[in-house]
Amino acid sequence: MAQTKTIAIAGAGSIGGYVGGLLSLGGHEVRMLARPAMVARVAAGLHLSSHEGLDATVLPGQLQVSEDSAILRGADIILVTVKSGGTAGMAELIAAEAPQGAVVISLQNGVGNADILRAGLPGRDVRAGMVPFNVLQTEDGRLHRGTSGDIMIEAGPGGISEALSVPYLPVHESTDMGSVLWGKLLLNLNNALNALSGLTLYQQLSDRDWRRLVAGQMDEALRVLAAAGIIPAKATPLPPKMVPKILRLPTPVFRIVSGRMLKIDRMARSSMWEDLSRGRPTEIGVLQGAVEDLATRHGLTVPLISRVAELIRVAEANGAGSPGLSPDDVRG
Ligand SMILES: NC(=O)C1=CN([C@@H]2O[C@H](COP(=O)(O)OP(=O)(O)OC[C@H]3O[C@@H](n4cnc5c(N)ncnc54)[C@H](OP(=O)(O)O)[C@@H]3O)[C@@H](O)[C@H]2O)C=CC1
Ligand SMILES: CC(C)(CO)C(=O)C(=O)O
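Residues numbered from 1 in each chain as written. Chains lettered and ligands numbered in written order. Predicted model: local features only at pLDDT ≥ 70, side-chain atom pairs only at ≥ 80, totals over all residues. Heavy atoms only, no water.

A. Here's a closer look at the overall build of the chain. Regarding its fold elements, the chain presents 14 helices and 12 strands. At a minimum sequence separation of 6, the contacts of the chain that also span at least 24 residues come to 68%. Carbon and sulfur atoms make up 54% of the accessible area of the chain, which amounts to about 13,700 Å² in all. Charged side chains in the chain number 31 positive and 31 negative. The centres of these two groups are separated by 6 Å. (Helix = DSSP H or I, 4+ residues; strand = E, 2+ residues; numbered from the N terminus. Contact = heavy atoms within 4.5 Å. Areas by Shrake-Rupley, 256 points an atom, 1.4 Å probe, with all protein chains shown as cover. Lys, Arg positive; Asp, Glu negative; His and termini not counted. Charge placed at Lys NZ, Arg CZ, Asp CG, Glu CD.)

This is the structure we're talking about:
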């Protein structure tokens, strides 16, 4: 293993708990800033599992966890894993508590979180990151990873990707995180559909009507990105332009092709489904909303994306979890 680091998880929920747990099992000193429910979970032993057969427990006391932001003191690396709406507030806590030399990495969806951190942390080494895989908090108390892919972080000095690469968690660097984040955002357009459907990702993506809606949103977004001169990176083994075509294939053919590019287990659901279920605000504004904003700047409209965003806002306001809509309900 590369040199042992002190790694702080700034907002340990699904992603932070899972990544922080693996880093602790990999030998790093991990400190988690978390809410009481996660503090209790860690105190009881943090159980991690995955579609790849990981089944491990971070023993009580193996990592430090606290609701007090003083836990950020002494960190070499800080992984920011709050929802996008919490980024600016987390930057304030980092500015107040963490060493000036700590490398701060956003492991969040959306294209703007690293910039929000940079604005709140002037003069610090802040890097964008991208988590391609899904983590769900199961009813029996596990943090379960349900889909494939490796974490990407912005290239920079300090051997950070080597340090963060531990068993079950390869981390790579990119010099073009803008493209990587837009590539991921194209996939995240499905978060809202998954949340509206109330289905698991496996069930939802097994239905061609749902896939047609995913493809329709991607086509709208790809048109906007082309107008803006943004070339999204591949977030699957296929070029982004091919993904809508694959999604529209008949289900038996889709299963064969997609099975070669992405592993999804039967439990995985989008993080937006989890937000609706817990009555929390979603990230719709930084996902569908980012495409709408870019479209407006280029004189374009994205009717399906806007319709999906509106349905999520209604579901958020109702506070009753997933509305369990059908593809026809979404089309309107
Ligand atoms: N879940 C997933 O599968 C994936 C998520 N992502 C992205 O990763 C990011 C994190 O998502 P996810 O892990 O699901 O989010 P979670 O909401 O599960 O985790 C964030 C946690 O941080 C807590 N938190 C926020 N502020 C503080 C604070 N000041 N002190 C202590 N705890 C705090 C939150 O509590 P509270 O809710 O009370 O604020 C929450 O428990 C998002 O941008 C998401 O889009 C990317 C890929 C997959
Ligand atoms: C991994 C993926 C794409 C799953 O929907 C995700 O990013 C999320 O749930 O936020």
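After presenting the structure, the write-up continues.
B. Looking closely at the site of ligand 1. The immediate surroundings of ligand 1 are formed by 25 residues, with I15, R35, N109, V135 and E283 found nearest. G11 places a main-chain nitrogen or oxygen 3.4 Å from an oxygen atom of ligand 1. One nitrogen or oxygen atom from the main chain of I15 is found 2.8 Å from an oxygen atom belonging to ligand 1. Coverage of ligand 1 by the protein amounts to 85% of the 890 Å² it exposes when considered alone. Put simply, the parts of the chain that give the shell around ligand 1 at least two residues each are α1 (14–25), α3 (87–97) and β9 (135–137). Tallied by class, the residues present in the shell around ligand 1 amount to 11 nonpolar, nine polar and five charged. Inspection of the shell around ligand 1 shows a minimum of three residues originating in each of domain 1 (6–175) and domain 2 (178–331). (Near = heavy atom within 4 Å. Polar contact = N/O pair within 3.5 Å; in protein donor to acceptor, adjacent residues only side chain to side chain. Nonpolar A, V, L, I, M, F, W, Y, C, P; charged D, E, K, R; others polar. Domains from an automatic or database assignment.)

C. Molecular detail of the site of ligand 2. Close contacts around ligand 2 come from N109, P132, F133, N134, K184, N188, N191, L201, S270 and S271, and that covers them all. Within the side chain of N134, a nitrogen or oxygen atom sits 3.4 Å from an oxygen atom of ligand 2. N188 has a polar side-chain atom sitting 2.8 Å from an oxygen atom of ligand 2. Taking 290 Å² as the accessible area of ligand 2 by itself, protein coverage stands at 89%. Top element by residues in the shell around ligand 2 is helix α6 (residues 177–197). It accounts for three residues. Here the residues of the shell around ligand 2 are counted per class, giving three nonpolar, six polar and one charged. Here the shell around ligand 2 gathers at least three residues from each of two domains, domain 1 (6–175) and domain 2 (178–331).

D. Region of interest: the environment of R211. Mapped onto the fold, R211 is located in helix α8 (residues 208–228). Classification of R211 as buried rests on a relative accessible area of 0%. Each C-alpha atom, one on R211 and one on L249, is 8.9 Å from the other, the two residues being 38 residues apart in sequence. Excluding its chain neighbours within four sequence positions, the residues that come into contact with R211 are L205, S206, L247, L249, P250, T251 and F254. Looking at R211, its side chain comes within polar contact range of the main-chain oxygen of L249, at 2.7 Å. (Buried < 20%, exposed > 50% of the residue type's maximum accessible area, 1.4 Å probe, protein only.)

E. View of the UniProt feature "domain: Ketopantoate reductase N-terminal" (unreviewed entry) in the chain. When the UniProt feature table is mapped to this numbering, "domain: Ketopantoate reductase N-terminal" (unreviewed entry) covers residues 7–155. As annotated, residues 7–155 has a helix share of 26% and a strand share of 30%, and its two end C-alpha atoms lie 18 Å apart. (UniProt positions renumbered as here; feature names shortened; annotations may be inferred.)

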